Amino acid sequence: MKVQLVLNGKRTTVDMPPLMRLIDALRGPLGLTGTKEGCGEGECGSCTVLLDDEPVNACLVAIGQCEGRTVVTVEGLGAEDGLSPVQQCLVDHGGAQCGICSPGVLISAEALLRRTSYPTTKQIRDAISGNLCRCTGYERIVQSVAEAAKKHREVDETAWGAEEIARKGGSL
Ligand code: FES
Ligand code: FES
């Protein structure tokens with residue numbers, strides 16, 4: 001079956017059995033090995049990807065379900081000139097240690113930060129609650145996401161400031 005989707009911002013057509021698991025399609029024919037498989041049954045969150053901006057477990061989604069939809073994997077998060085804010089914060093604040101949970105954590109955090117740049121600590125905890133981590137005790141992950149949210153707000157405010165300057169004809 002031919003499946004057309006937008007994968008990490010690129011229109012992609014794949015020819016695969018429709019019931020092939022998305023994680024197998026990503027890590028196999030599509031060559032995107034950043035998404036990790038842990039439990040393979042929807043419990044650990046290490047395979048989390050965005051499907052139409054919602055975090056899903058790629059081990060529980062069939063490639064056929066992705067027809068006409070948008071998929072973002074951890075490879076799709078980085079900025080052109082380096083790491084995304086949430087990736088950089090995870091590095092800077094010790095939110096990634098062995099790294100096996102990190103791709104899933106990054107995707108869950110990204111989903112949250114696409115919804116709001118002002119997440120509460122509870123919202124951050126809820127957002128990553130499906131991602132098991134054996135190393136960090138979660139506190140550093142929460143701190144990393146909070147710092148990334150702060151960076152998102154700075155970007156938002158800069159963009160807002162630039163718009164205001166333009167709207168007011170060059171000066172605030
Ligand atoms: Fe998919 Fe664990 S591998 S949730
Ligand atoms: Fe090792 Fe999370 S950093 S499992």
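Details of the structure are given in the entry above.
Presented here is an overview of the structure given in this document. For every chain, the first residue of the written sequence is number 1, and numbering continues from 1 along that sequence. Note on labels: chains are lettered from A, ligands numbered from 1, in written order. Where local features are concerned, this predicted model is filtered to residues with pLDDT of at least 70; where side-chain atom pairs are given and counted, the filter is 80 or more; whole-chain, interface and lining totals use all residues. As a rule here, side-chain values cover all heavy atoms of the structure and leave hydrogens and water aside.

## Some words on the pairing of strand E3 (residues 48-51)
Of the two faces of E3, the one carrying Thr48 and Leu50 and the one carrying Val49 and Leu51 are both buried. Looking at chain direction, E3 and strand E4 (residues 54-57) are connected through four bridges and run antiparallel. Paired with Leu51 across the two strands is Glu54, which belongs to E4. Sheet analysis places E3 next to strand E5 (residues 70-72), joined by two bridges and oriented antiparallel. In the sheet register, Leu51 faces E5, and the bridge partner there is Val71. A simple rule labels every residue: compare its accessible area, found with a 1.4 Å probe on the protein chains alone, to the largest value its type can have, and call it buried under 20%, exposed over 50%, or partly exposed in between. Elements are defined by DSSP. Helices are runs of H or I of four residues or more, strands are runs of E of two residues or more, and each kind is numbered from the N terminus. Think of it this way: DSSP has to see at least two bridges between two strands before they count as a pair.

## Looking at the side chain of Thr48
If you trace the backbone, Thr48 turns up in strand E3. In this structure Thr48 comes out as buried when scored by relative accessible area, which is 6%. Distance and chemistry together define a polar contact, namely a pair of N or O atoms within 3.5 Å, with one atom able to donate a hydrogen and the other to accept it when in protein, and with adjacent residues in sequence counting only for side-chain atoms on both sides. Here the side chain of Thr48 touches Gly45 through a polar contact of 2.5 Å, landing on its backbone oxygen. Of note is the side chain of Thr48, whose polar atom sits 3.4 Å from the side chain of Asn131. Every residue pair with non-hydrogen atoms within 4.5 Å of one another is taken to be in contact. The contacts of Thr48, once residues within four sequence positions are left out, are Pro55, Val56, Asn57, Pro103, Gly104, Ile107, Ser108 and Asn131.

## Describing the pattern of salt bridges
One side-chain nitrogen of Lys or Arg within 4 Å of one carboxyl oxygen of Asp or Glu is enough to make a salt bridge. If you walk through the whole model with that rule in mind, you get eight salt bridges. One salt bridge connects Asp52 with Arg69, and the closest N-O pair in it is separated by 3.0 Å. Of this pair, Asp52 sits in the loop between E3 and E4 while Arg69 sits in the loop between E4 and E5, placing them 17 residues apart in sequence. Arg69 gets classed as partly exposed once you look at its relative accessible area, which sits at 29%. Between Asp53 and Arg114 there is a salt bridge, with its nearest N and O atoms 2.7 Å apart. A residue pair is termed long-range when its members are at least 10 positions apart, and Asp53 in the loop between E3 and E4 and Arg114 in helix H3 (residues 102-115) qualify at 61 residues. Its relative accessible area of 42% is what places Asp53 among the partly exposed residues. Residue classification places Arg114 among the partly exposed positions, given a relative accessible area of 42%. Overlapping salt bridges, with partners in common, bring together Arg21, Asp24 and Glu37 in one network.

None of the figures reported here should be taken as evidence of function without further support.
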